[in-house]
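Structural description and commentary
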Amino acid sequence: MADAKVIPFDDDRSRARRRSARADGEAAAVRALPGPQEPELPGARAAVEEPAGPAAPEPPAAGGDWERRLAGGLAFLRRRITGDYEVDEFGYDEELTDQVLMSLLRPLYEKYFRVEVKGVENIPDKGGALIVANHSGTLPLDGLMMQVAVHDHHPAGRHLRLLAADLVFVLPVVNELARKAGHTLACAEDAERLLRSGEIVGVMPEGFKGIGKPFGERYKLQRFGRGGFVSTALRAGVPIVPCSIVGAEEIYPMVGNARTLARILGLPYFPLTPTFPWLGPLGALPLPTKWTIQFGEPIPTDSYAPEAAEDPMLMFNLTDQVREQIQHTLYKLLVQRRSVFF
């Protein structure tokens, strides 16, 4: 299989994806990939804009919608085989994410967890922003559901780039899929580079302390580390958007932790739930809880001086403000919730 073209963030050329084959000798329509806003050249959209005046009605397709889908699927496969697609320097493959990965996650999002999204308009339509969310559920499904929520519900169709722990990038298969979906290592350098390029970045500061906490401590936020995410947002001058997720805590009720087995396997914890590992693979099936994801009011950072990122007191205050806002929203959503499953 041919290699995909790698597009660096700081490339001055217009970053675009070919959307159709060139068998007929026609120029392919292009669309700029997410990234820094670039000035639009005069006439740059001439190839894709509608002609002036009323458009003539198109004749109905002879073979129906299924033929168009088949043709699109074959074209997609041809591009994957020949390497005629683009990834950025982090390995993010937007076409694969949009057409395959999101399609695989969407039934889980819409039918199984029945996610309700609130406040998505608080995410900026353009430019960088840092989404900070609570973390729970034993397995990191909450991050994936948050990614679908932003992808499917934001008016500007924005993409969420998640910061993940080291463990994600040492697991076979998971590592490759995470890179393709736009996730990258949770380090300040990568996060700041993404934010400065105008991306929406997601972080869950609780880390393994949040996702692996006992069921008895559900919806009680753990420490948010040393406030590194605040420092990154201050350096990039982007707003911080708090995000509260209700429903993920109950998908795998963690009633125990086999620490010895976890050390042998090199894992931060080995969960024991009412069904896992007692029921084998069937016990790994998450419970079909009803989820709510709410994006809160953004906290601006562009008014602070560049040296503010080195002020420990300011970072502590902003970190505490974000944490309190998420915790308060969690309690509010829990009071409004009728049932765990409905």
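Let me sum up the structure you'll find in this document. (Residues numbered from 1 in each chain as written. Predicted model: local features only at pLDDT ≥ 70, side-chain atom pairs only at ≥ 80, totals over all residues. Heavy atoms only, no water.)

1. Some remarks on helix 5 (residues 188–196)
Applied cut-off: Only protein chains enter the accessibility calculation, which uses a 1.4 Å probe. A residue is then buried if its area is under 20% of the maximum for its type, exposed if over 50%, and partly exposed in between. A run of DSSP states H or I qualifies as a helix once it reaches four residues; a run of E qualifies as a strand once it reaches two. Both are numbered from the N-terminal end. Contacts are residue-level and defined by heavy atoms, with any inter-residue pair within 4.5 Å sufficient.
The complete set of buried residues in helix 5 reads Asp190, Ala191, Glu192, Leu194 and Leu195. Looking at the buried residues of helix 5, the elements they touch are strand 4 (129–133), strand 5 (160–164), strand 6 (184–185), strand 7 (200–203) and helix 7 (228–236). Where helix 5 ends, the next residue or the one after it, Gly198, has phi of about 95°, a positive value.

2. Section: the pattern of salt bridges
Short version of the rule: For this analysis, a salt bridge means a side-chain nitrogen from Lys or Arg found within 4 Å of a carboxyl oxygen belonging to Asp or Glu.
Counted according to the given criterion, the structure contains 16 salt bridges. Its salt-bridge partner being Arg80, residue Glu95 comes within 3.3 Å of it at the nearest N-O pair. With Glu95 in helix 2 (residues 94–112) and Arg80 in helix 1 (residues 65–82), the pair connects residues that are 15 residues apart, well separated along the chain. Like Arg80, Glu95 is buried. Among the salt bridges present, the one from Arg161 reaches Glu199, with a minimum N-O distance of 3.7 Å. Remark: Glu199 occurs in the loop between helix 5 and strand 7 and Arg161 occurs in strand 5; sequence separation between them is 38 residues. Take Arg161 and Glu199: they sit in the same class, and that class is buried. In this structure, a network of salt bridges that share partners links the residues Arg79, Arg80, Asp93, Glu95 and Lys180.

3. Things to note about the packing of aromatic side chains
The test is simple: Between 30 and 60 degrees the pair is tilted, below 30 it is stacked and above 60 it is edge-to-face, where a pair is any two Phe, Tyr or Trp rings, Trp via its six-membered ring, whose centres lie within 6.5 Å. Whether a charge lies above a ring is judged from NZ of Lys or CZ of Arg, which has to be within 6 Å of the ring centre and within 35 degrees of the ring normal.
Across all of its chains, the model carries four aromatic pairs by this definition. Considering the side-chain rings of Phe113 and Trp291, the 4.6 Å spacing of their centres and the 25° angle between planes classify their relative orientation as stacked. Residue Phe113 is found in the loop between helix 2 and strand 3 (116–118), and its partner Trp291 is found in the loop between strand 10 (271–272) and strand 11 (292–295); the two are separated by 178 residues along the sequence. We classify Phe113 as buried; its relative accessible area is 0%. Under the relative-accessibility criterion, Trp291 is labelled buried at 0%. Between the aromatic rings of Phe224 and Phe229, the centroid separation amounts to 6.1 Å while the plane-to-plane angle is 75°, which identifies the pairing as edge-to-face. Overall, the relative accessible area of 4% leaves Phe224 in the buried class. By relative accessible area, Phe229 is classed as buried at 9%. Taken together, the ring pairs in this structure connect Tyr112, Phe113 and Trp291 into an aromatic cluster. One residue, Arg218, lies across the ring of Phe215, its end atom 4.1 Å from the ring centre.

4. Comments concerning the nonpolar core
Here is the rule: Residues belong to one nonpolar core when they are buried, are Ala, Val, Leu, Ile, Met, Phe, Trp, Tyr or Cys, and are joined through side-chain atoms within 4.5 Å.
Core analysis: the largest hydrophobic core is formed by 30 residues, its most contacted members being Leu130, Val132, Phe229 and Val322. For this core, the secondary structure elements donating two or more residues are strand 4, helix 5, strand 7, helix 7, strand 8 (240–246) and helix 9 (312–336). With near-sequence residues (within four places) excluded, Val322 lies in contact with Val132, Phe224, Phe229, Ile240, Pro242 and Ile299. By size, the runner-up hydrophobic cluster in this structure holds 29 residues, among which are Tyr109, Val115, Ala248 and Phe295.

5. A short note on the packing of helix 7 against helix 9
For the record, the criterion: Axes here mean lines fitted to C-alpha atoms, for a helix over just the part in contact, with angles spanning 0 to 180 degrees between N-to-C directions. Our angle categories are set so that under 35 degrees counts as roughly parallel, over 145 as roughly antiparallel, 65 to 115 as roughly perpendicular, and the remainder as oblique. Classification used: nonpolar for Ala, Val, Leu, Ile, Met, Phe, Trp, Tyr, Cys and Pro, charged for Asp, Glu, Lys and Arg, polar for all others including Gly.
Orientation of helix 7 relative to helix 9, taken along the N-to-C sense of each, is 105°, at an axis distance of 9 Å. With respect to helix 9, the axis of helix 7 lies roughly perpendicular. In this structure, helix 7 contributes Phe229, Val230, Ser231 and Leu234 to the contact, and helix 9 contributes Leu314, Met315, Leu318, Thr319 and Val322. Counted by class, the contact of helix 7 with helix 9 contains seven nonpolar, two polar and no charged residues.

6. Considering the sheet that holds strand 5
For the record, the criterion: Pairs of strands are assigned from DSSP output, requiring at least two bridges between the strands.
The strand order across the open sheet built from seven strands is 3-11-8-4-7-5-6, with neighbouring strands paired in mixed fashion. Unpaired on one side and paired on the other, strand 3 and strand 6 mark the two borders of the sheet. In the sheet, strand 5 pairs with strand 6 via two bridges, with the strands oriented parallel. Bridging from a neighbouring strand, Leu163 pairs with Thr184 of strand 6.

7. Section: empty space enclosed by the protein
Where we set the bar: Using a grid of 1 Å spacing that covers the protein atoms alone, one calls a set of points a cavity when a 1.4 Å probe fits there but cannot get out, and a pocket when the set is open and has protein on both sides within 12 Å along at least five of seven lines; lining residues are those with an atom within 4 Å of a point. Grid points are joined across faces, edges and corners, and a volume is the space filled by probe spheres set on the points.
Following the criterion strictly, the structure yields two cavities of 30 Å³ or more and no others. By volume, the second largest cavity amounts to about 40 Å³. What lines the second largest cavity is simply Gly137, Thr138, Gly210, Ile211, Lys213, Phe215, Glu249, Tyr252 and Met254. Among the residues making up the lining of the second largest cavity, the classes are represented as four nonpolar, three polar and two charged.

8. Notes on the environment of Lys180
Tracing the chain through its elements places Lys180 in helix 4 (residues 174–180). Of the residues examined, Lys180 reaches a relative accessible area of 15% and is grouped as buried. As for Lys180 and Glu94, which are separated by 86 residues in sequence, their C-alpha atoms are 7.6 Å apart. With sequence-adjacent residues up to four places away left out, Lys180 is seen in contact with Arg80, Tyr85, Val87, Gly91, Tyr92, Asp93, Leu96, Thr97 and Leu101.

9. A short note on unusual backbone geometry
A negative phi angle is the norm for most residues apart from glycine, just as the trans form is the norm for most peptide bonds. Residue Pro277 is reached from Phe276 by a cis peptide bond, and omega for that bond is 5°. Relative to the helices and strands, Pro277 resides in the loop between strand 10 and strand 11. Its identity as a non-glycine residue notwithstanding, Arg114 has a phi of 50°, on the positive side. Tracing the backbone through its elements, the reader meets Arg114 in the loop between helix 2 and strand 3. Its relative accessible area of 26% is what places Arg114 among the partly exposed residues. Unusually for a residue other than glycine, Thr138 sits at a positive phi of about 70°. Mapping Thr138 onto the fold places it in the loop between strand 4 and helix 3 (141–153). Residue classification places Thr138 among the buried positions, given a relative accessible area of 6%.

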